[in-house]
Amino acid sequence: MRFHSLESRIVTLFLVLILAVQLAGFFAIRTAINENARAAIREELLIGERVFQRLLDQNAQKLTQGAQLLAKDYGFLSAIGSDDSETIASALGNHGARIGASLTLLVGPDRRTKAATLPNLPAGLERSVLQLVDMAEKSGSATGNGIVDGAPFQIVVVPVKAPVTIGWVAMAFPIDQRLAVDMRALSALQVSVFTRTGGRGWISSASTLKNPDAVSLSEQLPNTAAGAAFVPRLSIADEEFSARVTRLVQDGDQTAVFVLQRSINEAIAPYRRLQLSLLILTAFGIMVALGMSVLTARRITGPLRQLSEIAKRLGAGDYREPAAIDRDDEIGDLANAFENMRKGIARRELEIRKLAYWDTLTDLPNRAQFALYLHDAIEHTRENNTSCFILMMDLDRFKNVNDVLGHGFGDALLRKVAERLKFELGKDDAKIARLGGDEFAVLLMAIDLPQAAAVAGRILTALEAPISLEDQTVDLGAGIGIAGFPAHGNDAESLLNRVEVAMYAAKRGGNEAVVYDPAFDRSSQKSLSLLTELRRAAERNEFRLYLQPKIDLSTGAVVGAEALVRWAHPEKGMVYPDNFIPFSEKTGFIRTLTRWMLDQSAALCSQLASQGMHPKISVNISTRDLVDQDLPLKFGGILAYHKVSASSFCLEITESAIMDDPVRALHTLERLHAMGVDLSIDDFGTGYSSLAYLKRLPVDELKIDKSFVMNMERDADDAKIVRSTIDLGHNIGLRVVAEGVESEAVWNLLEKMGCDQGQGYFMSRPIPADQFAAWAIQWTAPQTAMVAAG
């Protein structure tokens, strides 16, 4: 089995789970066995200690009885009474030998040794005997442990009475190998007795271990033996032991202990056999589980492999063979689902192909299908040495129709356009397609350029007729691009790209048909270069803020200024707005430029306010700015950063900018006006907005276009237009500003007509922003304005 297959993973999962459970149980039981065994060993050693103490006590009782027999012996008492030293010594030696005493002595009432079986008594023994004599004097007899010549002894002292105490018999019995062997016989414990003097090592006095093992044990014992101590692990002759060390006697710097040892290996041996049985049972369980998991995995993965093969056939487009797996479980349900999917895919495949290559709205081929048509047409044309042409058209003002009348109306309008194209081109054997949005394309076979241009003209003529739909009459135009094979491209992709370039050129020219020209591409490259330069100018701070003052015509006071931009190009010098503003609006760079203007103007407002000057700064807003729903939020952020109020600004918009997208433009203007910003209609009179729509706009100011103002003193019609505009603005509550004031005579005319403010070369040309404050201070109004103000 491959490990990455489902079968191997199922088997592995079962095996790992069972193995984990079995091993966890095995190790848990093993740990419990070890812990229980060691606890039992510890308990066994504790009991052994009590048994050994009991054995010592029994031995002391036996010795005490033997000593008491001697103390009551008549001959011994007579010898003491007659002070017969030889008889006393003989009795001590004989009686001590009979009961196994290594040393026997008689202590007189004056605490002096009167007779002993050894000529020279160790000082430590004599001291221990005297301590026991003191105890026996109180209790009648005494037993204890002592160390004699480096070996541990049991010592008993009994009084000699006749009938008063005339002395004490003391007997010393060795704690030797015999006692250790007796203890070994009573239990499964090894017994060892050790002594030490001062800081030297332990010396074995008796042990049931072999001598080398006893030496090894002595080296592992703790240095101190206070009372009793448990030693959990010792290693003796490659075998592990637990031990309990108990002090027998402490006499000055001499210490004697007995050590009980229990072999851990012997204690755990019965459990080891149980563990082996458990391990064998675990292995057997794993083997059985492995076999069962393999069978289970194959029962699951077998049908899945069949379904996988079916899925591969479905992926390859073969929907003929059914998913025949007869089971009543989840696998069977999955097989039934596969069968239903096969039928559904086969049914929807036909629908998808149509959706992929056909436009459901107009029932025309879409871009993908048109590209296939064009590819086949190019191959056919190449083989027959003829030519073919593409016409690509984009409707004018369709976006406005969508925004104003709704997308449902727009969809119906596109269907009407498709019907007109079919009707107009039905006899030309043309293939018509909708490429997306309001773009359509026409493929013309076996035709030359003049014929293609004629077809394009017919289409434009057909679209000139208004379309009536849902009680609405809509005028539509279109820009049409023309490109053909082999004149303009050798493949479908290049032809589609170039006819689109021609179509955009037609859109810029205004409702006409334009044949592709390679110069269009060079123009696009030039535009791309200009866009790169503009972005670099923004990064390098090459733009400069200029201001043209706005003057109150009745008082001559400076009331504001219009913010303008200049481009200080490092190679071309000062570039004026007409050379880059229109391009910026087309490419969308105008938004970056607008943000720069607003930020610089706000900074200037803050600076002028610190000097006590509060002019209202006017900034132009483009079409792209108006449809940016985030413009109010961005402008609010700029005002907050520079700590400037919204009332310090007047934003100027053109009529055409509003009419390009009136719904979104109105929404943006309402939000700006709600912030407290004044709004102005710039170049009023040059657009096509209705007065009814103008009344709905939240504006505060009208600016009369300079084309009417500059010639009004010589052209009566212009003067009438200006007067009418001023009256109109005042009647609807708006402030009126005249642009293009270039003489005192025009100033006077405007002031008599009631125009509120003016700007133009007569007052000042646009000046750098950093010079505005100085200009405003030295500005002097014409004498007539000063007289009127007075």
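Details of the structure are given in the entry above.
All of the points below concern the structure found in this document. Since the structure is predicted, the reported quantities are computational estimates derived from the model, not experimental observations.

1. Section: the nonpolar core
In step 1: Judged by nonpolar contacts, the single largest core of 79 residues is most densely connected at Phe543, Phe580, Phe649, Leu651, Val709, Val722 and Leu750.
In step 2: In terms of residues, this core owes the most to one element, helix H16 (residues 590-610), which gives nine residues.
In step 3: Not counting chain neighbours up to four residues away, the residues in contact with leucine 651 comprise Leu598, Val619, Ile621, Phe635, Leu672, Val677, Asp678, Leu679 and Ser680.
In step 4: Listed in part, the 35 residues of the second largest apolar core include Leu395, Ala418, Ala430 and Leu460.

2. Focus on the sheet that holds strand S4 (residues 151-161)
In step 1: Here five strands make up an open sheet; going across it, the order is S2-S1-S5-S4-S3 and the pairing antiparallel. Of all strands in the sheet, those with a lone pairing partner are strand S2 (113-116) and strand S3 (142-148), marking the two edges. Between one strand axis and the next, the sheet turns through 25 degrees on average, direction left out of account.
In step 2: As paired elements, S4 and strand S5 (residues 165-174) share nine bridges and run antiparallel to each other. Looking at the pairing, valine 158 lines up with valine 169 of S5.
In step 3: Against the sheet, helix H2 (residues 74-81) makes contact with strand S1 (103-107), S4 and S5, and its axis sits at roughly 80 degrees relative to S4, the strand it touches most.
In step 4: Along the sheet, helix H3 (residues 85-99) makes contact with S1, S2 and S5, crossing S1 at roughly 140 degrees.

3. With respect to the pairing of strand S20 (residues 543-552)
When a strand is regular, its side chains alternate between the sheet's two faces.
In step 1: Within S20, eight of the 10 residues are buried, leaving the element largely enclosed by the surrounding structure.
In step 2: Pairing between S20 and strand S21 (residues 558-569): nine bridges, direction antiparallel. The residue of S21 that forms the bridge with lysine 550 is glycine 560.
In step 3: Between S20 and S21, which pair antiparallel one after the other, the connecting turn spans five residues, and glycine 556 there sits at a positive phi close to 80 degrees.
In step 4: Here S20 pairs with strand S29 (residues 767-768) via two bridges, running antiparallel. Paired with tyrosine 546 across the strands is proline 768, a residue of S29.

4. Notes on helix H9 (residues 367-384)
In step 1: Here H9 spans 25 Å end to end across 18 residues, near enough to the 26 Å set by a 1.5 Å rise per residue.
In step 2: For H9, every residue scored as buried is listed here: Gln369, Phe370, Tyr373, Leu374, Ala377, Ile378 and Thr381.
In step 3: At the N-terminal end of H9, a side-chain oxygen is found 3.2 Å from the backbone nitrogen of alanine 368, two or three residues along, and the residue is asparagine 366.
In step 4: Immediately beyond the C-terminal end of H9, within one or two residues, lies asparagine 385, with a positive phi of roughly 55 degrees.

5. Digging into the packing of H16 against helix H18 (residues 631-642)
In step 1: H18 packs onto H16 with a crossing angle of 30 degrees between their chain directions and a minimal axis gap of 9 Å. What the angle tells us is that H16 and H18 run roughly parallel. Here H16 runs over H18; the crossing is right-handed. Residues Arg595, Leu598, Asp599, Ala602, Ala603 and Ser606 of H16 form the contact with H18, whose own contacting residues are Leu631, Lys634, Phe635, Ile638 and His642.
In step 2: The residue inventory of the contact of H16 with H18, partitioned by class, reads six nonpolar, two polar and three charged.

6. Side note on a nonpolar patch on the surface
In step 1: On the surface, a cluster of nonpolar side chains totalling about 550 Å² of accessible area is made up of Leu281, Phe284, Val288, Met292 and Leu295.
In step 2: Along the polypeptide, valine 288 turns up in helix H7 (residues 264-315).

7. Here's the deal with the pattern of salt bridges
In step 1: If you walk through the whole model with that rule in mind, you get 22 salt bridges.
In step 2: Salt-bridge contacts for glutamate 701 lead to lysine 550; the nearest nitrogen and oxygen are separated by 3.3 Å. With glutamate 701 in strand S26 (residues 701-704) and lysine 550 in strand S20, the pair connects residues that are 151 residues apart, well separated along the chain.
In step 3: Note that glutamate 562 and lysine 703 form a salt bridge whose closest N and O atoms lie 3.1 Å from each other. Note that glutamate 562 is positioned in strand S21 and lysine 703 in strand S26, a separation of 141 residues in sequence. Grouping residues by exposure puts glutamate 562 and lysine 703 together as buried.
In step 4: Sharing partners across several salt bridges, the network here consists of Lys550, Lys616, Asp678, Glu701 and Arg735.

8. Description of the pairing of strand S18 (residues 478-485)
In step 1: The element S18 is extensively covered by neighbouring structure, given that eight of its eight residues are classed as buried.
In step 2: Bridge count for S18 against strand S19 (residues 513-515) is three bridges, and the pairing is parallel. Pairing of isoleucine 480 across the sheet is with alanine 513, part of S19.

Calculation notes
- Residues numbered from 1 in each chain as written.
- Predicted model: local features only at pLDDT ≥ 70, side-chain atom pairs only at ≥ 80, totals over all residues.
- Heavy atoms only, no water.
- Core = buried A, V, L, I, M, F, W, Y, C linked by side-chain atoms within 4.5 Å.
- Buried < 20%, exposed > 50% of the residue type's maximum accessible area, 1.4 Å probe, protein only.
- Helix = DSSP H or I, 4+ residues; strand = E, 2+ residues; numbered from the N terminus.
- Contact = heavy atoms within 4.5 Å.
- Pairing = 2+ DSSP bridges.
- Axes fitted to C-alpha atoms, helices over the stretch in contact; angles between N-to-C directions.
- Expected span 1.5 Å × (residues − 1).
- Polar contact = N/O pair within 3.5 Å; in protein donor to acceptor, adjacent residues only side chain to side chain.
- Parallel < 35°, antiparallel > 145°, perpendicular 65-115°, else oblique.
- Left-handed = near helix turned anticlockwise from the far one by under 90°.
- Nonpolar A, V, L, I, M, F, W, Y, C, P; charged D, E, K, R; others polar.
- Patch = residues over 30% accessible without salt bridge, like charges linked within 9 Å, V, L, I, M, F, W, Y side chains within 5 Å.
- Areas by Shrake-Rupley, 256 points an atom, 1.4 Å probe, with all protein chains shown as cover.
- Salt bridge = Lys/Arg side-chain N within 4 Å of Asp/Glu carboxyl O.

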